[in-house]
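Report on the structure
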Amino acid sequence: MISNPLENPLYYLDNFRHVLEWISARYDDLLDLSERQFIDDFLGLPQPAQGLLVRMVMRKGTLFRASKLSYDEIGEVVAAVVPLVVKGWVDARPALNLDELFALLRKDELLACFKAHGLKSAAKKTELQDRLREHYPEAQALDQWHAALDEVIYGLTVMPLCERLRLLYFGNLYQEWSEIVLADLGVYRYETVDFSRDSRAINQRADIDVCLELHACAQALEDGADLSELAQQAIAIGCANPWLQSRRARLLFNIGQQAERVQDWPLALAVYGDCSYPGVRVRRIRVMERSEAFADAMDMLQIAQLAPENAAESQHLLRILPRLQRKLGLPTERRRAAAVLTRLDLTVDQALDLSVEQMVQLHLADEAGPVHYVENALINSLFGLLCWPAIFAPLPGAFFHPFHTGPSDLHSPDFHARRAQLFDDCLQQLDSERYQTTIRQHFYSKQGLQSPFVFWGALTEELLEQALHCLPAEHLRHWFRRLLLDIKANRSGMPDLIQFYPEQRRYRMIEVKGPGDRLQDNQLRWLDFCAEHEMPVVVCYVQWTPQGLTSALG
């Protein structure tokens, strides 16, 4: 059970014990002897020693001044650390290099330590450090550096093991231990997922090492490591695990993008050539274009046009094509004409303390039907409620712990494919009135639970009932199918407002554009899609006036 920090000063210890119990129950077959021994030995330690170790594990770094480890619930650090030193989990006299010493000591302490060098107090710490570096190439214990300093440094030696445990629990090393705390503060509530051995993403010991290697490469990329060496290292990482293959593809994609930023076109092409991440084909074509390999770029573009991976890729290809045709001296094809959209022009008073969308909502509310400012909230929420069982299905790599807002593979290319039958079962309910019953049931039974699709703050009972009354099931089917084609790209860009006409059981969506604003790519794709399927949508262009509110249809 997760412990509440507002009620229990040892909340972090209870949470860490929960993690150990969870890992033991779910991954015992993947743990090595040292990890099993650590879990058993930890639970047998005195509580102060347990608390101190967890405090150190949850802090940044592995070196700590004893004077900075002061916690009322733990008591005397000197006593609490003894069992940890005996276990070898903490080094009571670690060797410190010059950089580590400077990171731990204050400037006045450093001046006293190196007074023989005649350092000036006005100098910056970095200047002092650079001046001393050549004189102190070796690491040594604190008492050897500064015998007169009344301080003890503790070195945490068990951190690599704890990092492996954190990886097993979270499925990544980006989430910190402290994130567990939010779960039981009443701030967030989560869906209960049926965890089983079959739902694990990591099923072999080797997967842990691969995951650690991928994380190390990602961290090196963030830290500005040599791109060429990093690319070779990432390309050489082999794995048969589909979940890890997806993470490797994302890493290569990010390395390729960085190579583009520094205009290393050969490296970008090499990395992209070994990458299967969505969007990589357009990146390769653009790199070929920039490196003036126009014929190769055209060949790949024509292949891509035969089977585009999604609407976003089609949109990008249409923009690149005329440029390549001009470079190759070919006739330039005309772009496909955009869908003809109904236009609404409004002139409104800018002095109102409202957003432009709220101004339009207020103005149109005087007409025959209620207007809601929904943007992406309504369609996503209806989809999330209808397809709740498919979204929260415990597939391998989807959920690692009890506090997921949604599946970890939500943006993976195969998210829908892995759950195709489950989503088909949900969407088949649109053939009858069953879908309304399911959506209503989930609206009440799942109320407030975290979801990547349901906007609980925006979806009121009134809005839900108006939507179910006025939105045709066939339109819902089209929207939901489009969401599943590319969740990352398609769950945004929807029109800002929706107006219902309950007596006629119809609706219209309204995309609002203020002065100087223009339609974005994802908005254009949604508007084209709605026009293609004869869904009522208008684009409202707003101009400011100090005189008041008038309207004119254009």
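Quick note: structure is the one above.
Reading guide: rules and limits
Residues numbered from 1 in each chain as written. Predicted model: local features only at pLDDT ≥ 70, side-chain atom pairs only at ≥ 80, totals over all residues. Heavy atoms only, no water. Buried < 20%, exposed > 50% of the residue type's maximum accessible area, 1.4 Å probe, protein only. Helix = DSSP H or I, 4+ residues; strand = E, 2+ residues; numbered from the N terminus. Arc of directions from axis to C-beta. Salt bridge = Lys/Arg side-chain N within 4 Å of Asp/Glu carboxyl O. 1 Å grid on protein atoms, 1.4 Å probe; cavity = no way out; pocket = protein on both sides within 12 Å on 5 of 7 lines; lining within 4 Å. Points joined across faces, edges and corners; volume = space filled by probe spheres on them. Nonpolar A, V, L, I, M, F, W, Y, C, P; charged D, E, K, R; others polar. Pairing = 2+ DSSP bridges. Contact = heavy atoms within 4.5 Å. Axes fitted to C-alpha atoms, helices over the stretch in contact; angles between N-to-C directions.

The complete set of buried residues in helix 18 (residues 356-364) reads Val-356, Glu-357, Met-359, Val-360, His-363 and Leu-364. One side of helix 18 carries all its buried residues, which in axial view fall inside an arc of 160 degrees.

Moving on, we get to the pattern of salt bridges. Under the definition given, this model contains 33 salt bridges. For Arg-164, the salt bridge is made with Glu-35, and the minimal N-O distance between the two is 2.5 Å. Remark: Glu-35 occurs in helix 2 (residues 33-43) and Arg-164 occurs in helix 10 (residues 159-170); sequence separation between them is 129 residues. Across the pair, Glu-35 and Arg-164 agree in class, each one buried. The shortest N-O distance in the salt bridge between Asp-431 and Arg-477 comes to 2.8 Å. Separated by 46 residues along the polypeptide, Asp-431 in the loop between helix 22 (420-427) and helix 23 (434-445) and Arg-477 in helix 25 (residues 473-485) bring together distant segments of the chain.

Take the layout of surface pockets next. Estimated volume of the largest pocket: approximately 1,100 Å³. Lining the largest pocket we find 39 residues, and of these Gly-171, Asn-172, Tyr-174, Arg-247 and Ser-408 sit closest to its centre. Elements that contribute at least two residues to the lining of the largest pocket include exactly helix 11 (205-222) and helix 13 (242-261). Per element, the largest residue contribution to the lining of the largest pocket is six residues, and it comes from helix 13. Considering only residue class, the lining of the largest pocket consists of 19 nonpolar, 15 polar and five charged.

For the rest of this paragraph, the subject is the sheet that holds strand 2 (residues 90-91). One open sheet holds the three strands; their spatial order is 1-3-2, and the pairing between them is antiparallel. The open sheet is flanked by strand 1 (63-65) and strand 2, the only strands paired with a single partner. Judged from the three bridges that link them, strand 1 and strand 3 (residues 153-156) form a sheet pairing that is antiparallel. By the bridge assignment, Leu-63 is partnered in strand 3 with Gly-155. Contacts from helix 3 (residues 47-58) reach strand 1, strand 2 and strand 3, with the element oriented near 75 degrees to strand 3.

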